[in-house]
Amino acid sequence: MNEIRVFAPATVANVGSGFDVLGFALSDIGDMITVRKTDDLGLHIKNIEGADNLPLDCKKNVSTVAAQALLDSYNNTLDYGFEFELVKKVSAGSGMGSSASSSAAAVMAVNELLGRPYSKTELVVFAMQGESLASGTPHADNVAPSLLGGFTLIQSYDPLRIIPLHYPKDLVATVVHPHIEVKTSDSKRILRQHIPLKTAITQWANLGGLIAGLAQENYELIGHSLKDVVAEPTRSMLIPLYEQVKEMAHKNGALGCNISGSGPSMFMLSQSLDTAHKLADELRVMYSNEQLDCDVYVSKINPDGAILL
Ligand code: HSE
């Protein structure tokens, strides 16, 4: 096989109380990558569609940095190189796992062209190197669900231990991306480095509640447990209409609402597609009334993660 095309989905990381450890995959929206073997050794980016400001320099692009991490580990001398073409649908700085979907797609594609030496779970550690380049920290809460699908918990980073979680299959996400860019690195920098014990207790109680709620398909518990007392208080200040959106989501039947990744996107979870679409309609009206551009997505949880096309 000389050429392969891969789709890797956008993701919602943190999911309220799971800062840097929890995430889920969205359906339909994601990045696509074509990778082909070339006579030129090394990695080359031929083209990036859908984003003007992303580097073609392989040392500066998350997809090739992630792919290089895989090749460094594979450590076999190859008599060919790889050429990348990227189609970006997830906007950089949106909080929907833009760098993760490119990194996940890249490692999956190169792995296939090498004859699949690594499992999808093993690929996460390589895709994390793309995240490290993008945000300064190699977090896995976007790349794990982008590769594996569903909800994933990073139970430990050292050693890396990823737990796929059970979740109710009729859970639906509504995601709004207001068109301002928030760099993950900036959004991480503004966080408090120390949190009071009382705050930590609230957070781990909520994370436990959320995982139990997903496992037991207890929608009320999921809703109660989406609260975040660590990142949301600071980050929400960067997001236009944040409090108004939360209030609207509550009134219109969402189980809960919070920041997607490091923002500015926000997500809402609902128990039915009707509620999710109603929330989407309300969001379009709210942002348009304020002359703010936004994209709105309604998505079931993607069970598959990255796939070959
Ligand atoms: N967990 C990361 C953060 C996700 O919140 O900074 C970035 O999308």
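The structure reproduced in this document is the subject of the present report. (Residues numbered from 1 in each chain as written. Predicted model: local features only at pLDDT ≥ 70, side-chain atom pairs only at ≥ 80, totals over all residues. Heavy atoms only, no water.)

### Concerning the overall build of the protein chain
Logical step 1: Summing up its helical and strand segments, the protein chain has ten helices and eleven strands in all.
Logical step 2: Taking 309 residues into account, the globule formula puts the C-alpha radius of gyration at 19 Å, and the protein chain, at 19 Å, falls close to it.
Logical step 3: Along the longest, intermediate and shortest principal axes, the C-alpha atoms of the protein chain span 60 × 40 × 35 Å.
Logical step 4: In the protein chain, which comprises 309 residues, the proportion classed as buried is 57%.
Logical step 5: Partitioning the intrachain contacts of the protein chain with sequence separation of at least 6 by distance along the chain shows that 73% fall at a separation of at least 24.
Logical step 6: Taken as a whole, the protein chain presents about 13400 Å² of accessible surface, with 51% of it coming from carbon and sulfur.
Logical step 7: The averaged location of the 34 negative side-chain charges in the protein chain is 3 Å from the averaged location of its 24 positive side-chain charges. (Helix = DSSP H or I, 4+ residues; strand = E, 2+ residues; numbered from the N terminus. Rg over C-alpha atoms; globule rule 2.2 N^0.38 Å. Buried < 20%, exposed > 50% of the residue type's maximum accessible area, 1.4 Å probe, protein only. Contact = heavy atoms within 4.5 Å. Areas by Shrake-Rupley, 256 points an atom, 1.4 Å probe, with all protein chains shown as cover. Lys, Arg positive; Asp, Glu negative; His and termini not counted. Charge placed at Lys NZ, Arg CZ, Asp CG, Glu CD.)

### So, the pattern of salt bridges
Logical step 1: By the definition in use, this model includes 13 salt bridges.
Logical step 2: The closest approach of N and O atoms between Asp31 and Lys88, which form a salt bridge, is 2.3 Å. Of this pair, Asp31 sits in strand E2 (residues 22–38) while Lys88 sits in the loop between strand E4 (81–87) and helix H2 (98–113), and the two are 57 residues apart along the sequence. As far as the burial class goes, Asp31 and Lys88 line up, both buried. (Salt bridge = Lys/Arg side-chain N within 4 Å of Asp/Glu carboxyl O.)

### As for the sheet that holds strand E8 (residues 256–259)
Logical step 1: The strand order across the open sheet formed by four strands is E8-E9-E7-E10, and the pairing between neighbours is antiparallel. Every other strand in the sheet has two partners, leaving E8 and strand E10 (294–300) as the edge strands with one partner each. The sheet shows a mean angle of 20° between the axes of neighbouring strands, direction not considered.
Logical step 2: As paired elements, strand E7 (residues 172–178) and E10 share seven bridges and run antiparallel to each other. Along E10, the bridge assignment pairs His177 with Asp295. (Pairing = 2+ DSSP bridges. Axes fitted to C-alpha atoms, helices over the stretch in contact; angles between N-to-C directions.)

### A word on the pairing of E4
Logical step 1: For E4, the tally of buried residues reaches six of seven residues, placing the bulk of the element in the interior.
Logical step 2: As defined by bridge partners, E2 adjoins E4 across seven bridges and the pair is classed as antiparallel. Bridge pairing in E4 places Thr34 opposite Glu85.
Logical step 3: Of the strand pairs in this sheet, strand E3 (residues 43–49) and E4 are connected by six bridges, and their pairing is parallel. Of the residues in E4, the one forming a bridge with Glu49 is Val87.
Logical step 4: Since E3 and E4 lie parallel, the crossover through helix H1 (residues 62–74) that links them has a hand, and here it is left-handed. (Right-handed = clockwise from strand over helix to strand, strands pointing away.)

### With respect to the side chain of Glu232
Logical step 1: Mapped onto the fold, Glu232 is located in helix H8 (residues 232–235).
Logical step 2: Looking at Glu232, the relative accessible area reads 10%, which means it is buried.
Logical step 3: Here Glu232 is in contact with Tyr242, Lys246, Asn258 and Ile259, once residues within four sequence places are set aside.

### Let's talk about the site of the ligand
Logical step 1: Around the ligand, the structure places Ala13, Asn14, Phe19, Asp20, His139, Asp141, Asn142, Thr184, Lys188, Arg235, Gly261 and Ser262.
Logical step 2: Asp20 places a polar side-chain atom, nitrogen or oxygen, 2.4 Å from a nitrogen atom of the ligand.
Logical step 3: At 2.8 Å from an oxygen atom of the ligand is found a side-chain nitrogen or oxygen belonging to Lys188.
Logical step 4: For the ligand, whose free accessible area comes to 260 Å², the fraction covered by protein is 98%.
Logical step 5: Per-class residue counts for the shell around the ligand are two nonpolar, six polar and four charged. (Near = heavy atom within 4 Å. Polar contact = N/O pair within 3.5 Å; in protein donor to acceptor, adjacent residues only side chain to side chain. Nonpolar A, V, L, I, M, F, W, Y, C, P; charged D, E, K, R; others polar.)

Interpretation note: all reported values are geometric properties and have no functional meaning in isolation.
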